[in-house]
Amino acid sequence: MIDNSDAVKLLDSKRDNAIFVATMNANNVHFGLPTVTSNEKLDFPVSGAMSKASDVALGLALAQPDRKIMCLDGDGSLLMNLGAMVTISNKAPKNLVHILFNNKVYAVTGGQPIPGDEQVDWEDMAKSAGYAKVFSFDNLEDMTNGIDEALAAVGPVFIHLVVKPEIENTPVQFRTPAKRTVHTAIADLPETLGIKR
Amino acid sequence: MATQEVILHPASVVEELKKNKISHVVWLPDSETNFLFQLLDNEPTLDLVPVCREGETMAIAAGLWVGGKRPIVLIQNTGVFEAGDSIRGLALDVNQPLVMLVGYRGWSRHGLTRDSAARFIEHILHAWGITYYLIETDDDADRISLAIEEAERTSKPVAVLVGTEFGS
């Protein structure tokens with residue numbers, strides 16, 4: 001299994017000018033993207049509508065076809081919105097990388113197992129949904145060796161990461177607030193991208 | 001007494017979308033909008049983004065909007081109920097100026113409708129504070145422009161209820 005923090009650190013080191021659309025544990029303020037990001041202005045945290053990060057990423061990928069969009073998703077989150085995998089493959093954005101952080105639990109609600117945690121095959125799921133390329137890594141060494149090929153592939157690419165569960169069991173109102181939120185990103189990302197409204 | 005033909009041609013809707021430089025139609029088809037689909041599919045200035053479930057539409061539209069495009073959502077009123085958390089979290093909460101064209105299944109000017117999709121939809125929109133317009137004929141189509149102007153002026157989602165089936 002891969003540590004969340006190692007995974008986001010490695011991905012961030014490969015980002016160039018990619019936009020990260022991150023949610024759940026991948027965006028955790030203690031061990032997720034906010035702790036390692038090298039370009040916060042291009043981070044788009046998605047909260048407030050669980051499971052929709054991949055759809056937000058699809059919209060960005062269609063709007064910004066010359067820029068890589070990397071969605072850092074969670075397994076419980078994606079299970080809530082499985083149809084998005086087909087929605088994505090149907091539009092087939094070449095610049096979209098959908099990265100699944102699979103920890104087999106609902107980590108932010110106390111670590112309850114997700115449905116089908118021992119039977120769901122995410123690689124098969126992504127292939128059947130129609131992603132152009134599918135990769136899977138369950139240890140940091142393989143991820144380190146294979147990530148360049150995965151990120152260089154023509155999308156939509158699906159990368160399955162088996163990560164260690166890091167459980168949080170604090171009610172939302174008592175958690176450490178994120179410095180950068182979906183509101184911050186919506187306010188300043190267009191300017192960062194040079195979009196005039 | 002002559003009766004007025006109540007009909008909404010899809011070309012009237014497409015013209016409104018083109019006039020307002022809409023770039024993407026994020027939608028889930030329903031039985032009432034097939035003629036519109038055929039027209040949209042042949043319109044080179046509009047990119048169709050079909051989804052598997054209505055809640056996806058607001059999220060995809062949010063990404064398109066932040067990325068500099070001008071999307072619109074097209075779903076049925078039944079889909080509004082399904083999409084509640086997306087409307088809350090990725091349209092209302094983030095002040096997305098999103099126009100949602102909503103097929104008004106069950107709408108009737110004549111007598112009571114038995115369709116709960118029609119009976120509940122306006123109450124739901126009121127509860128969320130989402131203003132809406134009703135279009136039934138070609139003469140009403142310019143309310144789409146009003147809705148787009150209002151959404152952009154208020155930075156809020158606005159609904160347009162399509163109260164009749166499209167003519168061919």
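In what follows, the structure referred to is the one given above.
Thresholds applied
Residues numbered from 1 in each chain as written. Chains lettered and ligands numbered in written order. Predicted model: local features only at pLDDT ≥ 70, side-chain atom pairs only at ≥ 80, totals over all residues. Heavy atoms only, no water. Helix = DSSP H or I, 4+ residues; strand = E, 2+ residues; numbered from the N terminus. Buried < 20%, exposed > 50% of the residue type's maximum accessible area, 1.4 Å probe, protein only. Contact = heavy atoms within 4.5 Å. Polar contact = N/O pair within 3.5 Å; in protein donor to acceptor, adjacent residues only side chain to side chain. Pairing = 2+ DSSP bridges. Axes fitted to C-alpha atoms, helices over the stretch in contact; angles between N-to-C directions. Buried area = accessible area lost by both parts, 1.4 Å probe. Salt bridge = Lys/Arg side-chain N within 4 Å of Asp/Glu carboxyl O. Nonpolar A, V, L, I, M, F, W, Y, C, P; charged D, E, K, R; others polar.

I would appreciate a short explanation of the environment of Asp47 of chain B in the present structure.
Here Asp47 of chain B is to be found in strand β2 (residues 47–50). What makes Asp47 of chain B partly exposed here is its relative accessible area of 27%. The sequence separation of Asp47 of chain B and Pro71 of chain B amounts to 24 residues, and the corresponding C-alpha distance is 9.1 Å. When residues no more than four places from it in sequence are discounted, the contact partners of Asp47 of chain B are Lys91 of chain A together with Ser23, His24 and Val25 of chain B. In terms of polar contacts, Asp47 of chain B uses its side chain to reach the side chain of Lys91 of chain A, at 2.7 Å.

Help me out: how do you make sense of the sheet that holds strand β8 (residues 157–162) of chain A in this one?
Within a beta sheet, neighbouring strands are joined by backbone hydrogen bonds and run either parallel or antiparallel to one another. Residues and elements named next belong to chain A. Taken together, the 6 strands give an open sheet; going across it, the order is β2-β1-β3-β4-β8-β7, and neighbouring strands pair in parallel fashion. In this open sheet, the two edge strands, each paired with only one partner strand, are β2 (43–45) and β7 (133–137). Neighbour-to-neighbour, the strand axes of the sheet open up by a mean angle of 15°, direction not taken into account. Relative to strand β3 (residues 69–74), strand β1 (residues 19–22) is paired through 4 bridges, and the arrangement is parallel. By the bridge assignment for β3, Ala22 is matched with Leu72. Of the strands in this sheet, β3, β4 (96–102), β7 and β8 are in contact with helix α6 (residues 140–152), which crosses β7 at around 170°.

Please clarify how the side chain of Asn27 of chain A should be interpreted in this entry.
Within the fold, Asn27 of chain A resides in the loop between β1 and β2. For Asn27 of chain A, the contacting residues outside a window of four places in its chain are Ala22, Gly32, Leu33, Pro34 and Pro45 of chain A.

Help me understand the interface of chain B and chain A, please; the structure alone is not making it clear to me.
The extent of an interface is frequently quoted as the accessible surface area lost upon association of the parts. Counting residues at the interface gives 25 residues for chain B, matched by 28 residues for chain A. Counting each side, the surface lost to burial between chain B and chain A is near 2000 Å², with a carbon and sulfur contribution of 66%. For the chain B face of the interface with chain A, the top three residues by lost area are Glu56, Val66 and Leu90 of chain B, together amounting to 26%. If you look at where chain B meets chain A, you find 1 salt bridge. Among the salt bridges present, the one from Lys91 of chain A reaches Asp47 of chain B, with a minimum N-O distance of 2.7 Å. One can count 7 residue pairs in polar contact (both at pLDDT 80 or more) joining chain B with chain A. Put simply, the parts of the chain that give the side of chain B that touches chain A at least two residues each are β2, α3 (55–66) and α5 (84–92) of chain B. Broken down by element, the side of chain B that touches chain A gets its largest block of residues, 8 residues, from α3 of chain B. Residue composition of the side of chain B that touches chain A, by class: 12 nonpolar, 7 polar and 6 charged.

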